[in-house]
Amino acid sequence: MINFLRISTIAVALFFPAFSVDASSGRGQQPHARTFEVPGHDPIGKPSDGSSIDRMIEVFIRETESGYMLFEPDAIQIERGSVVRFAISNAGALDHEFFLGSFDEVAEHQQWMREHPDMQHDSANSVSIPSGQNAELTWEFSDMTNLEFVCLIPGHREAGMWGVIIVHDHLAPKSKG
Ligand SMILES: [Cu+2]
């Protein structure tokens, strides 16, 4: 009888932790529980003064003979909380820009640029890169989200000038310092 009670106690102790792990991992699978979806929360991170850079990423812009305009790389994974300095080189014959935003924000600004084709962006999340020159943009990726980087000069996004940034909380940084 004593042995039976001990076994029962152990069985209960083993069962309930297993049950609570299942319950919490079930909550974790809810796709709408991310902080960046809280209304009023800035989803894309924030400008950085550049005093401490976690990672430098080189981005090249080139134009192909068949008329494409491309960012290389066009897909970047970043660890949440990182301060990243983008060093963008424009090897093309045309002037370009690097605009960082949520997918919704990019769509809104693209429409605005179509209506005001001579306007240049002058905001912390964008930089222009004249032909043959380099430019830098430093950004703190404080939120776990997906972003687009894009050139919003009319026709350029359509010619291929866009890429994606995925901000993870479980990614080892590729380089420090
Ligand atoms: Cu462009």
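Look a little higher up for the structure.
We now turn to the structure provided with this report. (Residues numbered from 1 in each chain as written. Predicted model: local features only at pLDDT ≥ 70, side-chain atom pairs only at ≥ 80, totals over all residues.)

## Examining the overall build of the protein chain
Logical step 1: Scanning the protein chain from N- to C-terminus turns up two helices and 10 strands.
Logical step 2: Along the chain direction, N to C, the helices and strands of the protein chain fall in the order α-β-β-β-β-β-β-α-β-β-β-β.
Logical step 3: Across the 177 residues of the protein chain, 23% fall into the buried class.
Logical step 4: Partitioning the contacts of the protein chain with sequence separation of at least 6, the portion at a separation of at least 24 is 83%. (Helix = DSSP H or I, 4+ residues; strand = E, 2+ residues; numbered from the N terminus. Buried ≥ 20, exposed ≤ 12 C-beta atoms within 10 Å, placed from the backbone. Contact = placed C-beta atoms within 7 Å.)

## As for the sheet that holds strand β10 (residues 162-168)
Logical step 1: The strand order across the open sheet built from five strands is β4-β10-β9-β6-β7, with neighbouring strands paired in mixed fashion. Each edge of the open sheet is held by one strand with a lone partner, namely β4 (75-79) and β7 (126-129). Ignoring strand direction, the axes of neighbouring strands in this sheet form an average angle of 20 degrees.
Logical step 2: Each of β6 (96-101) and β9 (146-150) is contacted by helix α2 (residues 103-115), which is oriented at about 140 degrees to β6, the strand it contacts most. (Pairing = 2+ DSSP bridges. Axes fitted to C-alpha atoms, helices over the stretch in contact; angles between N-to-C directions.)

## Points about the sheet that holds strand β1 (residues 46-47)
Logical step 1: On the basis of which strands lie adjacent, the open sheet formed by five strands has the order β1-β8-β5-β2-β3 and mixed pairing. In this open sheet, the two strands that pair with only one neighbour each are β1 and β3 (69-72).
Logical step 2: Where strand β5 (residues 83-90) lies against strand β8 (residues 134-140), seven bridges are found, and the strand directions are antiparallel. Bridged to valine 84 within β8 is tryptophan 139.

## Notes on the pairing of strand β2 (residues 55-63)
Logical step 1: Bridging between β2 and β5 involves seven bridges; their strand directions are parallel. By the bridge assignment for β5, isoleucine 61 is matched with asparagine 90.
Logical step 2: Here β2 pairs with β3 via four bridges, running antiparallel. Along β3, the bridge assignment pairs phenylalanine 60 with glutamate 72.
Logical step 3: Between β2 and β3, which follow one another and run antiparallel, lie five residues, and glycine 67 among them has a positive phi close to 100 degrees.

## Some remarks on unusual backbone geometry
Logical step 1: For the peptide bond that leads from glutamate 72 to proline 73, omega is 0 degrees, which places it in the cis range.
Logical step 2: Assignment of secondary structure puts proline 73 in the loop between β3 and β4.

## As for the environment of tyrosine 68
Logical step 1: Following the sequence through the fold, tyrosine 68 ends up in the loop between β2 and β3.
Logical step 2: Given 11 C-beta atoms within 10 Å, tyrosine 68 falls into the exposed group.
Logical step 3: Along the sequence, tyrosine 68 and methionine 161 sit 93 residues apart, while their C-alpha atoms lie 8.1 Å from each other.

## Describing the nonpolar core
Logical step 1: Counting 27 residues, the largest nonpolar core has Phe98, Phe99, Leu100, Phe149, Val150 and Cys151 as its most contacted members.
Logical step 2: Listed by contribution, the elements that provide at least two residues to this core are β2, β3, β5, β6, β8, β9 and β10.
Logical step 3: Not counting the four nearest positions on each side in its chain, phenylalanine 149 is found in contact with Phe71, Phe98, Phe99, Leu100, Gly163 and Ile165. (Core = buried A, V, L, I, M, F, W, Y, C linked by C-beta atoms within 7 Å.)

## Considering the pairing of β8
Logical step 1: Sheet topology note: the β1/β8 ladder contains two bridges and is antiparallel. Bridge pairing in β8 places proline 47 opposite tryptophan 139.

## Here's the deal with the environment of leucine 100
Logical step 1: For leucine 100, the location among the structural elements is in strand β6.
Logical step 2: Here the alpha-carbon distance between leucine 100 and glycine 163, two residues 63 residues apart in the chain, equals 9.7 Å.

As far as function goes, none of this settles anything; it's purely spatial.
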